[in-house]
Amino acid sequence: MKGTTDHITAVTGGVNDLALINAKNDSKNWLSYGQNYSEDRFSQLTEITSENVGTLGLKWSYDLNSTRGVEATPVVVDGIMYVTAPWSIVHAIDTRTGKQLWTYDPKVPRETGVKACCDVVNRGVALYQGRVFVASLDGRLISIDAATGTKIWEQVTLDTSKSYTITGAPRVFKGKVIIGNGGAEYGVRGYITAYDAETGEQAWRWYSVPGNPDQPFEQPELEMAAETWDPSGKYWELGGGGTMWDAMAYDPELNLMYVGVGNGSPWNRRLRSPGGGDNLFLSSIVALDPDNGSYKWHYQGTPGDHWDYTATQPLILADLEIEGAKRKVIMQAPKNGFFFVIDRTNGEFISAQNFVDVNWASGYDEKGRPMEITAAEYKSGSYEAIPGPNGAHNWHSMSFNPTTGLVYIPAQGIPIVIEDDPNWVANSIESGAFASGTGWNTGVLSSATPKKSATFGHLLAWDPVKKEAAWKVEHASPWNGGTLSTAGNLVFQGTAEGRFVAYNASTGEKLWEVQVGTGVIAAPITYEVDGQQFVSIAAGWGGSHGMSTNYSEYQTQGRVYTFALNEKAPMPELKLREASSILSGVAYDPQDIGLGTKLYITHCVICHGVPVLGKGGNIPNLGFSTKAKIENLKTFVLTDALKELGMPNFSGKLTEDEVTKIQAFIQATADAVKAQMEASK
Ligand code: CA
């Protein structure tokens, strides 16, 4: 019987190298994060089409029992689904019934949350030979029996004394489970590690940036990389960054795996490498041999990254006809706002075209080097970098439809003005300043200068050959969900205000939508169960932008929704967010506001946002707290009272007196904003 442990053991046991290599032609299943090794998120299923998608209805919904960000793409084999919730909790679901088969909770220590720049999210699991692999936020790679949910082995992949975390989905290439990590906002050195899927034994590790030049280089190409860094900055003590926290892809014919490398740490390159240099392999696409992790080639899209321009964004492999020649390409639309087409056999640059407005580079020369705009260096005063550090496109999955020839990108603009941080101190990792995990250490201040550029979110259909947009749909806000495209001439995407929408893949015409309440950031999938095509989306608002900002009128509730033609199950009840009033009446000493502001920016703003103005995301905005809560702030800040929700205990990092100063900042800001609002009435 389907859904029994025998059935699950049999069908998950069949997910082997051959099945994964052939996944593109197996649209009945969704075997890996990006559907297949090319990670194109394209399905050949055609039961649901642009003609009949209007009759799509709810089959079932499943409560993930979470209120934080859900970034996971589920995987499905013969109707058995594996999806992750916040805090790296795995849920196994029988899609025939929508019922839980098992859950696995790695019990991530809640104090890990403060090391995670961008919410306690997880993007999903890998499935291989009867095992489910999840990487927990605190850095363990865990092998789980796919039929029972029992742990088989676990490996600590990180130096847990430093502010590393894992949010990405592992991939399995040739029997090896590959996982990277994040933490470049706090000062770590990026690496990626491969483990034997069967035993958990480490097979290889690849570092993206050089370590201490006085020590032997772990890999020969790091000697070349070290020549592009100025040692007077002691980058090895700062970490250097280059974390590989998300994108991977694999070409079995070329036997090359590809990984996207993140930003520099600190962001400010004048601090990281005072004499300049490209700082390899920051912000690059790198090709490695999956057998031993040896370096094959790289392409660096943002040499000497200065703006948090990670190149960890999704990678898609495709074969395109460009100027009359068939090219094996890799495509990426990273944070820096340019769409790249690179030859994936050798890393040769083919094209780069900006897909949104940008002001840091005027374009790329024929060798694939950006022509940087001098003012973007923010050497003399503040500069509004476009795109901002949230990127023109972030981790939100894009998809490629070989029939339309278009790539569907969740593009965006989230303005921010940056400048040198004059008080930045080059603390070493050993001193513990980075390891504390409280406060980002970027060497950059984001200022309150009025923004000139637009805040926007687009669903952008991009032609990678013509290097232009085919069509675009304007959304109400940035930070919308990933995309799925299908042979039914459809594109599916969830939005920040909680709609799940189907579009005509050729024209962008909206064909169907449903309100799922919570904002959607993850990407949908489609698969077939007993002859019926299903579409599933894991919804749950959050992630870096979503922690402090919300665009939905409903409460954040993590759920998996599954739709099919002519289904009519009732949608679950959506709860409206409570109307909240602005904090008032907390007594404070105005002299405390100055230091309180500094402390708030260092310790609080990333998650809680600016009081009142930030409005609140999946983490409360303190400008809407009750008077009693803020008066009692030290109980929440200096104890374990809210530990289970992920609120760190700041005792030892903040004193009672400093909490009083933070109180002053919160109440003073709430008063000021309220006065401003009343004056403008
Ligand atoms: Ca970053």
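Now for a look at the structure at hand. Since the structure is predicted, the reported quantities are computational estimates derived from the model, not experimental observations.

A word on the coordination of the calcium ion. Those protein atoms acting as donors to the calcium ion are E185 (OE), E185 (OE), N263 (OD1) and D308 (OD), and they sit at 2.4 to 2.8 Å. Every donor residue of the calcium ion comes from the same chain, spaced as E-x77-N-x44-D. Residue E185 is found in the loop between β12 (176-179) and β13 (191-196), and its partner N263 is found in the loop between β17 (256-260) and β18 (264-265); the two are separated by 78 residues along the sequence. Residue classification places E185 among the buried positions, given a relative accessible area of 8%. According to the relative accessible area criterion, N263 is buried, its value standing at 1%.

Let us look at the pairing of strand β22 (residues 325-332). By the bridge criterion, eight bridges tie strand β21 (residues 315-322) to β22 in an arrangement that is antiparallel. Each bridged residue has a counterpart across the sheet, and for I316 the counterpart in β22 is M331. In this structure, the hairpin formed by β21 and β22 is closed by a connection of two residues, where E323 is found at a positive phi of approximately 50°. The sheet contact formed by β22 and strand β23 (residues 338-343) spans four bridges and is antiparallel. Looking at β23, one finds that Q332 is bridged to F340. With antiparallel pairing between neighbouring strands as the criterion, β22 and β23 make up a hairpin whose turn holds five residues, including G337 at a positive phi of roughly 90°.

Strand order across the open sheet formed by four strands is β3-β4-β5-β6, with antiparallel pairing between neighbours. The sheet is open, and its two edges are formed by β3 (75-77) and β6 (99-104), each paired on a single side. Sheet twist, expressed as the average angle between the axes of neighbouring strands with direction ignored, equals 20°. Those strands touched by helix α1 (residues 5-13) are β3, β4 (80-85) and β6, and its axis lies near 85° from that of β4.

Along the chain, C118 falls in the loop between β6 and β7 (126-128). The partly exposed category is assigned to C118, whose relative accessible area is 23%. Spatially, the C-alpha atom of C118 lies 19 Å from that of N268, the residues being 150 residues apart in sequence. Ignoring sequence-local partners within four residues, the contact set of C118 consists of G543, S544 and M547.

Residue position: H306 is located in the loop between β20 (295-300) and β21. C-alpha separation for the pair H306 and A92, spaced 214 residues apart in sequence, amounts to 41 Å. The residues contacting H306, other than those within four sequence positions of it, are W267, N268, R269, R270, A376, E377 and Y378. Within the structure, the side chain of H306 is placed 3.0 Å from the backbone nitrogen of R269, a separation counted as a polar contact.

Core analysis: the biggest nonpolar cluster contains 58 residues, and Y82, V132, I192 and M257 have the highest contact counts within it. Judged by nonpolar contacts, the second largest core, of 50 residues, contains A287, W360, F400 and F456.

Moving on to the pattern of salt bridges. The tally for this structure, following the rule as stated, stands at 35 salt bridges. Across the pair E253 and K328 runs a salt bridge whose closest N-O atoms are separated by 3.6 Å. Of this pair, E253 sits in the loop between β16 (248-251) and β17 while K328 sits in strand β22, and the two are 75 residues apart along the sequence. According to the relative accessible area criterion, K328 is partly exposed, its value standing at 29%. Bridged by salt links that share partners, the residues K2, D78, R96 and D530 form one connected network.

The interhelical angle for the contact between helix α7 (residues 593-603) and helix α11 (residues 656-679), taken along N-to-C directions, is 95°, at an axis separation of 7 Å. The angle between the axes of α7 and α11 places the two elements in the roughly perpendicular class. Across the interface between the two elements, I593, L595, G596, T597, L599 and Y600 from α7 touch E658, K661, I662, A664, F665, I666 and A668 from α11.

Quick notes on the rules
- Residues numbered from 1 in each chain as written.
- Predicted model: local features only at pLDDT ≥ 70, side-chain atom pairs only at ≥ 80, totals over all residues.
- Heavy atoms only, no water.
- Donors = N, O, S within 2.8 Å, 3.2 Å for Na, K, Ca; no water.
- Helix = DSSP H or I, 4+ residues; strand = E, 2+ residues; numbered from the N terminus.
- Buried < 20%, exposed > 50% of the residue type's maximum accessible area, 1.4 Å probe, protein only.
- Pairing = 2+ DSSP bridges.
- Axes fitted to C-alpha atoms, helices over the stretch in contact; angles between N-to-C directions.
- Contact = heavy atoms within 4.5 Å.
- Polar contact = N/O pair within 3.5 Å; in protein donor to acceptor, adjacent residues only side chain to side chain.
- Core = buried A, V, L, I, M, F, W, Y, C linked by side-chain atoms within 4.5 Å.
- Salt bridge = Lys/Arg side-chain N within 4 Å of Asp/Glu carboxyl O.
- Parallel < 35°, antiparallel > 145°, perpendicular 65-115°, else oblique.

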